[in-house]
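# Architecture at a glance
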Amino acid sequence: MIDLLQLKGVNPIGQRIEDDILLILAESNVSEPESCSGCGSKPVYKHGKRTHVYADTPMHGMPVKVEIERQRYRCQSCGTVIVPNIPSLDEKRVVTKRLIEFVQARCFNNTFTLLANETGLAVNTIKAIALDYTEDLETSVYRETPRLLGLDEVMISGGYRAVMVNLEMNTLFDIHDNRKLASMRQYFEKLKDKDNIEWVCADMWEPYKVLISEQIPQAKLVIDRFHVVRMASNAMEQIRKKLQSELSHSERLKVKKNIRWSLLKGSKSKSEYDHEVVEYIRENYPELALAYDLKETFFNIYEFPDRASGEAAYKEWKDAIPLKFSPEFNTVIKIVDSHYEDIFNYFDCPITNGYTEAMNGVMKAANRMGRGYSYEVIRAKLLFSKIARQSGSVIVQPYSDRPSHLKEASPKEKSFRDYGASILTLDTMSERGELD
Ligand SMILES: [Zn+2]
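Note that the coordinates shown come from a computational prediction; the quantities given were computed from them, not determined experimentally.

### A few points about the overall build of the protein
- A tally of helices and strands in the protein yields 17 helices and 15 strands.
- For 436 residues, the compact-globule estimate of 2.2 N^0.38 gives 22 Å, and the protein exceeds it by more than 25% at 31 Å.
- Over its C-alpha atoms, taken along the principal directions, the protein stretches across nearly 100 × 60 × 40 Å.
- For the protein, restricting intrachain contacts to residue pairs at least 6 apart in sequence, the fraction spanning at least 24 positions comes to 59%.
- Approximately 23,000 Å² of the protein is accessible, and the part contributed by carbon and sulfur atoms is 51%.
- Charged side chains in the protein number 60 positive and 63 negative. The centres of these two groups are separated by 4 Å.

Structural data, given as structure tokens:
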């Protein structure tokens, strides 16, 4: 019969379909061992046959299993039983090696359930293959260490993880299990080419300061603007709550609905209704309008063209705060002043962490995946998705910036520089459900 199996060391002898599985019967055709693998004596004797079933790559839309009858041998001197190795089989997982490759090529772009259905393997086996593969990739894949690094924390699978983004290339650089100082220190100690990092964008978490000064002293910190302006929103909210609670019941009924959201929105994203609300507040509740204006003015500091005018705008804003609002806005001032350099570094390098839609989408997907996958699997799916990594990498022309002693390399040489997984691609994949 024609060998449709094309599996080295195995001869097909028949086939049948059983429970929607294509079962191929085969015998091994590897040669008899010359000597005992235990003691080296010759000869060895035939010692019965055993049948083993190996899962193989799907065919005609059906899972495939290969039932192989294997000859066993026994050594007369030491009693060792020898089953000659068939190189195309993976004995650990009882599958063909090409099935392992099949799963590896798909496991970060498809759901494990889909792969399990396609191959007839258990979901847990798919997961085990994916995790083995992750370990291999972890040691073999090198991602370019970013020049502009975004450090953020995201809840993934029950824990806050440190998510690292290449802000220049818009790629996911790495995800670290947690953001505790000791653990992050270990991470940075091992990080290759950490001298590449020039700027780090992060929130006001103190250990980052320690980490940067210890591990990447050449890098400068920019406090993420979102975390800064949020403080002014919080201050305005406290004032709004206080003022609203002081209103009489009948007055409270007159207050427009949803004023909270209308006031919190930035001027760019306001609807006509939001503008009406603000006008209404201005006419009827001037004190709340003042708190609102202070919030808006604070946000606007970031719109100034350079550091000097930004700093001047902040000073002006500080001076404009009326005494009655100092309990709320003084908290903002205190924090801004204690992180002054790092906050205004923004004007020297205007980077920010999660303000792209795509990044939010990816992080939401990571969160959602937490229901079905362990942290390790989610991390691997995000970092090692082949499609996302391809779109995140850049073709490097030969010689462009190679060290001079390497320049005599082949002129045909062209290599890819891996910056990690493209966030845009990951977001598209998550929308298509390919990450779930
Ligand atoms: Zn022996």
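### Quick word on the pairing of strand β2 (residues 21-28)
- Sheet analysis places strand β1 (residues 10-18) next to β2, joined by eight bridges and oriented antiparallel. Pairing of Gln 15 across the sheet is with Ile 24, part of β2.
- The loop that links β1 with its antiparallel partner β2 comprises two residues; one of these, Asp 19, has a positive phi angle of about 50°.
- Note: β2 against strand β4 (residues 62-75), six bridges, orientation parallel. Bridge assignment links Ile 24 to a residue of β4, and that residue is Val 66.

### Side note on the coordination of the zinc ion
- Binding of the zinc ion to the protein goes through Cys 36 (SG), Cys 39 (SG), Cys 75 (SG) and Cys 78 (SG), at separations of 2.3 Å.
- Seen from the zinc ion, its four donor atoms lie at angles of 105 to 116°, and the figure they make is tetrahedral.
- On the primary sequence, the residues serving as donors to the zinc ion are separated as C-x2-C-x35-C-x2-C. You can see Cys 36 sitting in the loop between β2 and β3 (44-59) and its partner Cys 78 sitting in the loop between β4 and β5 (81-82), a full 42 residues away along the chain.

### Quick notes on the UniProt feature "domain: Transposase IS204/IS1001/IS1096/IS1165 zinc-finger" (unreviewed entry) in the protein
- Using the residue numbers shown here, the UniProt feature "domain: Transposase IS204/IS1001/IS1096/IS1165 zinc-finger" (unreviewed entry) corresponds to residues 33-78.
- Annotation note: span residues 33-78, helix share 0%, strand share 65%, distance between end C-alpha atoms 15 Å.

### So, the sheet that holds strand β11 (residues 199-202)
- Across the sheet, which stays open at both edges, the six strands sit in the order β12-β11-β8-β9-β10-β15 with mixed pairing between neighbours. With one partner strand each, in any of the chains shown, β12 (220-223) and β15 (421-422) form the two edges of the open sheet.
- Pairing analysis gives five bridges linking strand β9 (residues 159-166) to strand β10 (residues 171-176), with the strands arranged antiparallel. The partner of Val 163 across the bridge, within β10, is Ile 175.

### Regarding helix α17 (residues 423-431)
- Every buried residue of α17 is accounted for by Ile 423, Thr 425, Leu 426, Asp 427, Met 429 and Ser 430.
- Buried residues in α17 make contact with β9, β10, α14 (357-369), α15 (375-384), α16 (386-392) and β15.
- Measuring from the side-chain oxygen of the N-cap residue of α17 to the backbone nitrogen of Leu 424 gives 3.4 Å; that N-cap residue is Ser 422.
- Positive backbone phi, approximately 80°, marks Gly 433, located one or two places after α17.

### What to know about the side chain of Asp 90
- By secondary structure assignment, the location of Asp 90 is in strand β6 (residues 89-90).
- Arg 93 provides the closest opposite charge to the buried, salt-bridge-free Asp 90, at an N-O distance of 5.7 Å.
- A distance of 2.9 Å separates the side chain of Asp 90 from the backbone nitrogen of Arg 93, its partner in a polar contact.

### Considerations on the packing of helix α2 (residues 112-119) against helix α3 (residues 123-140)
- Taken N-terminus to C-terminus, the directions of α2 and α3 make an angle of 110°; their axes are 8 Å apart at the nearest point. One finds that α2 runs roughly perpendicular with respect to α3. The handedness of the crossing between α2 and α3 comes out as right-handed. Where α2 approaches α3, its residues Phe 112, Thr 113, Leu 115, Ala 116 and Thr 119 are matched on the opposing element by Val 123, Ile 126, Lys 127 and Ala 130.

### Details of the environment of Val 66
- Here Val 66 is to be found in strand β4.
- Classification of Val 66 by relative accessible area gives buried; the value is 0%.
- With 43 residues separating them along the chain, Val 66 and Leu 23 place their C-alpha atoms 5.8 Å apart.
- With near-sequence residues (within four places) excluded, Val 66 lies in contact with Leu 5, Val 10, Ile 24, Ala 26, His 52, Val 53, Tyr 54 and Asp 56.

### Examining the packing of aromatic side chains
- Enumeration over the complete set of coordinates arrives at 17 aromatic pairs.
- Relative to Trp 317, the ring of Phe 298 has its centre 4.7 Å away and its plane inclined at 55°; by these criteria the two rings are tilted. Placement of the pair is Phe 298 in helix α10 (residues 286-300) and Trp 317 in helix α11 (residues 307-319), with a sequence separation of 19 residues.
- Each member of the aromatic cluster is reached from another via a ring pair, and the members are Phe 298, Tyr 302, Tyr 314, Trp 317, Phe 325, Phe 329, Tyr 340, Phe 344, Tyr 346 and Phe 347.

Cut-off values and rules
Residues numbered from 1 in each chain as written. Predicted model: local features only at pLDDT ≥ 70, side-chain atom pairs only at ≥ 80, totals over all residues. Heavy atoms only, no water. Helix = DSSP H or I, 4+ residues; strand = E, 2+ residues; numbered from the N terminus. Rg over C-alpha atoms; globule rule 2.2 N^0.38 Å. Contact = heavy atoms within 4.5 Å. Areas by Shrake-Rupley, 256 points an atom, 1.4 Å probe, with all protein chains shown as cover. Lys, Arg positive; Asp, Glu negative; His and termini not counted. Charge placed at Lys NZ, Arg CZ, Asp CG, Glu CD. Pairing = 2+ DSSP bridges. Donors = N, O, S within 2.8 Å, 3.2 Å for Na, K, Ca; no water. Tetrahedral: all angles 85-135°; square planar, octahedral: opposite > 155°, others 65-115°. UniProt positions renumbered as here; feature names shortened; annotations may be inferred. Buried < 20%, exposed > 50% of the residue type's maximum accessible area, 1.4 Å probe, protein only. Polar contact = N/O pair within 3.5 Å; in protein donor to acceptor, adjacent residues only side chain to side chain. Salt bridge = Lys/Arg side-chain N within 4 Å of Asp/Glu carboxyl O. Axes fitted to C-alpha atoms, helices over the stretch in contact; angles between N-to-C directions. Parallel < 35°, antiparallel > 145°, perpendicular 65-115°, else oblique. Left-handed = near helix turned anticlockwise from the far one by under 90°. Phe/Tyr/Trp six-rings, centres within 6.5 Å; stacked < 30°, edge-to-face > 60°.

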